[in-house]
Amino acid sequence: MPELVRAGERWLRGIPVSAGVARGKLVVVGRQHDLEMPRYPVPAEALPAETTRLEQALTQTREQLLAIQHRVRNAMGSGDAEIFDAQLLLLDDPVLLEEVIKFIRSEGINAEHAFAEVSNRYLSALSEIDDPYLRERAVDMRDVTRRVLHNLVGHEDNTLLAQLHEPCIVVAHDLTPSQTALLNRALVLGFATDQGSQTSHTAILARSLRLPAVTGLVDASLRLRTGEYALLDGFNGVLIASPTDATLFEYGQLAKKQLALEERLSEVRDQPAVTLDAARVTLSANLESLDEIPDVRSFGAEGVGLFRTEYLFLNRETPPDEEEQFQAYHRVAAALHPQPVIIRTLDLGGDKVLQRRDEPAESNPFLGWRAIRICLQELDLFRAQLRAILRASVVGNVKLMYPMISGLDELNQANEVVEQCKIELRAEGKPFDAQIEVGAMIEIPAAAMEAETLASRVKFFSIGTNDLVQYTLAVDRLNPKIAHLYDPTHPAVLHLIHRTIQAAHARGIWAGVCGEMAGDPVLAALLLGLGADELSAAPGRVPAVKFLIRRLKISEARNLAAFALQCESSAEILQQARELATAVASDLFEKT
Ligand code: PEP
Ligand code: MG
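Described below are features of the structure shown in this document. Sequence order sets the numbering: in each chain, residues are counted from 1 along the sequence as written. Labels are handed out in written order, letters beginning with A for the chains and numbers beginning with 1 for the ligands. The predicted nature of this model means local features are confined to residues of pLDDT at least 70 and side-chain atom pairs, given and counted, to a pLDDT of 80 or more, with totals for whole chains, interfaces and linings taken over all residues. Just so you know, side-chain values use all the structure's heavy atoms and leave hydrogens and water out.

So, about the site of ligand 1. One heavy atom within 4 Å of a molecule or strand makes the whole residue count as near it. Neighbouring ligand 1 are 16 residues; His 201, Arg 308, Gly 464, Asn 466 and Arg 477 lie closest to it. Separating an oxygen atom of ligand 1 from a side-chain N or O atom of His 201 is a distance of 2.7 Å. Two N or O atoms count as a polar contact when they lie within 3.5 Å, although within protein this holds only if one can serve as hydrogen donor and the other as acceptor, and sequence-adjacent residues are included solely when both atoms are side-chain atoms. Between Arg 477 and ligand 1, the recorded distance is 2.8 Å, taken from a side-chain N or O atom to an oxygen atom. Calculation on ligand 1 without its partners gives an accessible area of 290 Å², and the protein chains cover 100% of this total. The numbering of helices and of strands both runs from the N terminus, where a helix is a DSSP run of H or I of at least 4 residues and a strand a run of E of at least 2. Secondary structure elements with two or more residues in the shell around ligand 1: helix H9 (201-209), strand S10 (304-308) and helix H19 (465-473). Looking at the shell around ligand 1 element by element, the count peaks at three residues for H19. All accessible areas in this document rest on Shrake-Rupley with a 1.4 Å probe, and a residue is counted as covered only by the protein chains that are shown.

This is the structure in structure tokens:
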């Protein structure tokens, strides 16, 4: 697209994470200054309810602080616990409360905005006084305000996002996967964030929702204004504010080209994923929500290679029980029967966290309490899910898969819980598929190194390259500052993938890839050359990968992999992969 920047328009460049072009008015959620809250009018008759909401949030905050204080007192003694007294006193300050209520009533506005405004006034007054004691009180005030606001709005800046009333492009400092899952698809045309990267779950979700998205825009949320007209280019990672007519015209041409390509790709939809020299590949879809079930077939995937069940648990106060989960798994299994559906057990943690408000944030969430680690500690949660999956297995071709396995102990423990659940279900007379296949994700380098041992305890592997890359290279998959170091063709990563697949085959099981590499036509050939039996990608990415596979010879892919395994430079590997992909499926890579 035009490199020429025309008078009046502003180009902001970031990371392209979800293809497509959107144009429309911007709604800027803004850098989430945590003490700023959107303001909206409240009708006179609803004002008493606002005051009640405020009072409830204060009570809730008091209870949380008392609970924390209790825990601290037990763990560290009463001296340390006293620091919460100051915060509790602030909560009980009648002057503050009176002022906020007066503000709500006189302005006819929402409680969170009024509370934030009044607290901010107090805070700026405190910060202007040069006194160490008062500075400390400002810290307390900020802390307690944040907590009250959190309790008032449920989850931070969702209020504004929930109030969109016309089609728009959302610009935010960051969006969590939970917030992204809540976006109103009828109104949100695309989104752009300061933070984020290619393999964050927010980016993955954008691709599933087929929403154009650009991340890593650094400070776009500060530089753009709500109401500005803009064009969002998810192919190239650009947001153009106030685009000129000439730019809009050029993008119109691009949209036409894209449409023509999509039509060509749809021709292979019902064809098998088979190479020119007859190697058959299983091409599956990654599913984030039940809404996507129809997409699996309509984009030509053969079942589900990864069902991320976490989204059933996000944006709600309590987790779904066994019955509710059973209904969900039953629905997807029955809808896609006889195609396989691989249901992954909970992978909460990392960037997908439950709203447990009294739990402190982890400093290294991706290295922390995540996935199978949570499940093996919270056995009731794990067992409810396993029982639901097992029960759903009678209506379809269901397979079960554990995320984040790091070694044999964990795998054995998880298998043991599955066996217990089977025994219980049998005793209760509840049917399930006794032959259900259980697999493990290989996404931690330790698991790849131990792949041969692990392979003897499961029926398949699915390689999670999103995490495998981040853990192998010690590159946070969310951090745009080091996105250039997140390198899927790094020789170390490729050797681990190769090792895993070899180990699987040596033990007579299959190995697929369900990380984002599998949906990238440039890297798909490399993965097939390394021996992957299955590729699983966001539904919208399946057609391009199938198009490529059907124009490729497996011998070419193997030559590429052989080259990669002896090459020292990831850039050279990527270059070779690009050359092969472009040579066999140039249509996919026409300059957009
Ligand atoms: C992966 O890590 O590659 C994967 C598929 O799992 P997730 O992206 O959900 O962590
Ligand atoms: Mg993963």
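Counting buried residues along strand S5 (residues 188-193), five of its six residues qualify, which places the element largely inside the surrounding structure. Two strands qualify as a pair provided DSSP detects at least 2 bridges between them. Sheet topology places strand S4 (residues 168-172) next to S5; five bridges connect them, and they run parallel. Bridge pairing in S5 links Val 170 to Phe 191. Handedness of a crossover: with both strands directed away from the viewer, a clockwise path from the first strand across the helix to the second marks it as right-handed. Tracing the backbone out of S4, into helix H8 (residues 177-182) and back to the parallel element S5 gives a crossover that is right-handed. Note: S5 against strand S6 (residues 213-215), two bridges, orientation parallel. Buried means the residue's accessible area, taken with a 1.4 Å probe over protein chains only, is under 20% of the maximum for its type, while exposed means over 50%, and partly exposed covers the values in between.

By definition of the ideal shapes, four donors in a tetrahedron about a metal sit 109.5 degrees apart, and six donors in an octahedron sit 90 or 180 degrees apart. Sodium, potassium and calcium take a 3.2 Å donor cutoff, other metals 2.8 Å, and in both cases only N, O and S atoms count; water is not among them, so sites may look incomplete. Glu 443 (OE) and Asp 467 (OD) make up the full set of protein donors to the magnesium ion (ligand 2), lying at 2.0 to 2.1 Å. With a gap of 24 residues between them, Glu 443 in the loop between strand S13 (437-442) and helix H17 (445-449) and Asp 467 in helix H19 connect regions that are remote in the sequence. Each member of the pair, Glu 443 together with Asp 467, is buried.

Take the sheet that holds S10 next. Strand order in the closed barrel made by the eight strands is S9-S10-S11-S12-S13-S14-S15-S16, with parallel pairing throughout. Across the sheet, the mean angle from the axis of one strand to that of its neighbour is 30°, orientation sign disregarded. Across four bridges, strand S9 (residues 282-287) lies against strand S16 (residues 534-537) in parallel orientation. For Ala 285, the partnering residue across the bridge sits in S16 and is Ala 537. Under this scheme, a helix contributes an axis fitted over its contacting stretch, all axes are lines through C-alpha atoms, and angles between N-to-C directions fall in the 0 to 180 degree range.

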